[in-house]
Amino acid sequence: MWRFFLFTLTVFIFSCAGNIDTKQTEAPDIIKRIHLVSNPDSIITSISEVASDIIYIPLQPSAGTQIRVIDKIISRGNKIYINIISDIMCFNDQGHFLYKLYGNEKNVYDYAIYDFDIDAADTSLIVLVGNKILYFKNTVSAFNFKSTIELGRLSPVKMDFLPGTTNILLSSVRIKGYEPSLNTLINLSGDTLALNPNYFKRFNPVKNWIQDKTIHYQFNNKLYLRERFNDTVFSIDAVSNTFKPELIFESSISSTNSENINDPKYYRILPFVDNIFEVTRYLYYAYNFSRQQHKVFYDKYKDKKYEIDPEYGVLKDDIGAGPGFDPMFCSEGIVFSWFGAMDLKKYIESEEFTRAQAQKSSKKESLKILANPLKDTDNPVLIVVRLKR
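The structure displayed is predicted, hence computed values, not measured ones. (Residues numbered from 1 in each chain as written. Predicted model: local features only at pLDDT ≥ 70, side-chain atom pairs only at ≥ 80, totals over all residues. Heavy atoms only, no water.)

S.K.: Give me the pattern of salt bridges: which residues, what numbers.
M.R.: Tallied over the full model, the rule gives 19 salt bridges. Here Glu250 makes a salt bridge to Arg33, at a shortest N to O gap of 2.7 Å. One end of the pair, Glu250, is in strand β19 (residues 243-250); the other, Arg33, is in strand β1 (residues 32-35), and 217 residues separate them in sequence. The salt bridge partner of Glu150 is Lys132, with a shortest N-O separation of 3.9 Å. Of this pair, Glu150 sits in strand β11 (residues 143-150) while Lys132 sits in strand β10 (residues 132-138), and the two are 18 residues apart along the sequence. Owing to a relative accessible area of 52%, Glu150 belongs among the exposed residues under this scheme. (Salt bridge = Lys/Arg side-chain N within 4 Å of Asp/Glu carboxyl O. Helix = DSSP H or I, 4+ residues; strand = E, 2+ residues; numbered from the N terminus. Buried < 20%, exposed > 50% of the residue type's maximum accessible area, 1.4 Å probe, protein only.)

S.K.: Lay out the sheet that holds strand β22 (residues 292-299) with the relevant residues and their values.
M.R.: Sheets are built from strands paired through backbone hydrogen bonds, the pairs being either parallel or antiparallel. Strand order in the open sheet formed by five strands is β2-β23-β22-β21-β20, and the pairing between neighbours is mixed. The strands lining the two open edges of the sheet, one partner per strand, are β2 (42-44) and β20 (272-278). Between one strand axis and the next, the sheet turns by 25° as a mean value, whatever way the strands run. (Pairing = 2+ DSSP bridges. Axes fitted to C-alpha atoms, helices over the stretch in contact; angles between N-to-C directions.)

S.K.: Describe helix α5 (residues 361-371), naming the residues involved and giving the relevant values.
M.R.: Owing to its 3.6 residues per turn, the α-helix brings residues three or four apart onto one side. Within the sequence span of α5, burial applies to Lys364, Leu367, Leu370 and Ala371. Down the axis of α5, the buried side of the element spans an arc of 120°, and every buried residue falls inside it. Projecting away from the buried face of α5 at angles above 90 degrees are the exposed residues Ser361 and Ile369. Residues of α5 that are buried in the fold lie against β3 (51-58), α3 (341-348), α4 (351-355) and β26 (381-387). (Arc of directions from axis to C-beta. Contact = heavy atoms within 4.5 Å.)

S.K.: Any details on the confidence of the model for the protein? Residues and values, ideally.
M.R.: Summary statistics for the protein give a mean pLDDT of 88 and a share of 89% for residues scoring 70 or more. Within the model, the stretch residues 1-23 combines pLDDT values under 50 with 53 contacts to residues more than four positions away or in other chains. (pLDDT = per-residue confidence, 0-100.)

S.K.: Run through the packing of α3 against α5, naming residues and quoting values.
M.R.: Their axes nearest at 9 Å, the elements α3 and α5 cross at an angle of 125°. The angle between the axes of α3 and α5 places the two elements in the oblique class. For the element pair α3 and α5, the recorded crossing hand is left-handed. Contacts between α3 and α5 involve Leu344, Lys345 and Ile348 on the former and, on the latter, Leu367, Lys368, Leu370 and Ala371. A class-by-class count of the residues in the contact of α3 with α5 yields five nonpolar, no polar and two charged. (Parallel < 35°, antiparallel > 145°, perpendicular 65-115°, else oblique. Left-handed = near helix turned anticlockwise from the far one by under 90°. Nonpolar A, V, L, I, M, F, W, Y, C, P; charged D, E, K, R; others polar.)

S.K.: Give a description of α3 that names residues and reports values.
M.R.: Among the residues of α3, Ala341, Leu344, Lys345, Tyr347 and Ile348 are the ones counted as buried. Considered in projection along α3, the buried side chains sweep an arc of 160° and stay on one side of the axis. Summarising the contacts, the buried residues of α3 are in contact with β25 (334-339), α4, α5 and β26.

S.K.: So what's going on with the packing of aromatic side chains? Which residues, and what values?
M.R.: One pass over the structure, following the stated rule, counts twelve aromatic pairs. Ring geometry for Tyr199 against Phe234: centres 6.1 Å apart, planes inclined by 5°, an arrangement best described as stacked. Here the residue Tyr199 occupies a position in the loop between β15 (192-197) and β16 (214-219), and Phe234 occupies one in strand β18 (residues 232-236), the gap between them amounting to 35 residues. A relative accessible area of 46% means that Tyr199 is categorised as partly exposed. Residue Phe234 is classed as buried on the basis of its relative accessible area of 5%. (Phe/Tyr/Trp six-rings, centres within 6.5 Å; stacked < 30°, edge-to-face > 60°.)

S.K.: Tell me about the nonpolar core, and name the residues and values.
M.R.: Core analysis: the biggest nonpolar cluster contains 33 residues, and Phe297, Leu344, Val385 and Leu387 have the highest contact counts within it. If you list the elements that add at least two residues to this core, you get β3, β21 (282-289), β23 (304-308), α3, α5 and β26. The residues touching Leu387, leaving out its near neighbours within four places in the chain, are Val50, Ala51, Ser52, Phe277, Val279, Tyr282, Phe297 and Val335. Counting 16 residues, the second-largest nonpolar core is a separate cluster that includes Tyr99, Ile113, Leu134 and Phe136. (Core = buried A, V, L, I, M, F, W, Y, C linked by side-chain atoms within 4.5 Å.)

S.K.: Go over the sheet that holds strand β7 (residues 97-100), please, and point to the residues and values.
M.R.: Read across the open sheet, the four strands follow the order β4-β5-β6-β7; overall the sheet is antiparallel. The open sheet is flanked by β4 (72-76) and β7, the only strands paired with a single partner. The average undirected angle you get between the axes of adjacent strands in this sheet is 20°. With five bridges connecting them, strand β5 (residues 79-83) and strand β6 (residues 88-92) associate as antiparallel partners. In the strand pairing of β6, Tyr81 is matched with Cys90.

And the structure:
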């Protein structure tokens, strides 16, 4: 939420250099539809109902930096990259610290990091700070600065490489409401390649104190996006640079009319999707509705919805007897969450852990050994889950 506040301090007036192809959106084929607010086929409470394994990875301390918050996680092979807002840190898949973006010296670009991405080949890093992108080559031991991409008056809050290319998707939130586009595809020179039209104009979410948000996620070498006020999930064709409708989360946005379009009370009763990711078997989405958080695994093979029990909001770790698992991030088909070092230590010392049953007793014992030496100055512990295929 604080990042949204910081962003709204930046005045948004849409512009970006380059020649733009006028054909931006492909005609849809058959589009999958999911009724967002509907009863699930079953309520799930345990991680083993959707996952095959769970692993706990303590993040090794690094000189001069303690991780207090994790904003985004990307995995590339045996490396894990983490945005901690003030820096990008790289660890191996055992949690050993490898290197970080800014090193130990204060950097000229010492601003809040809105977003970052690593290309699939693990050779390039892009970092979004303010209205500019910092481009680095990623070596086996460091990030080497290459160039700055100035974005002019364009001020995005989300950014990702288009898989298989060096092109970059930038997404902004509404400030005025009538921006011609909120999603822009550019190249590394900053030239605009394509725009996705703003299909929901005339509404000003900032003026009405309603949070805007755009979601990006990657699956099967494709990049997807969904805007806060659009039920449609689009993909981007890497060859034609066009935006293609792929999926519709049917809510009630289609019921918007000239009378309720600027009524804050109307939008506050609409479901608000705040997370989406996809793996081989499941499409996961989380949304708020009527002051209740809902977290759903849609089984693509069985066409069924499994919702995490809303009363608890997390999945019980019945595999290793760890704390409740809350799906936060997904990269390369792996789902991540994190737990504070002292929070985990307190949990391990609790009666709840003592009584907890584990399908794999060795994992419970390993978790106890992992947590015993933790201190309040230690970094968080990553929770890594592999979902069923």
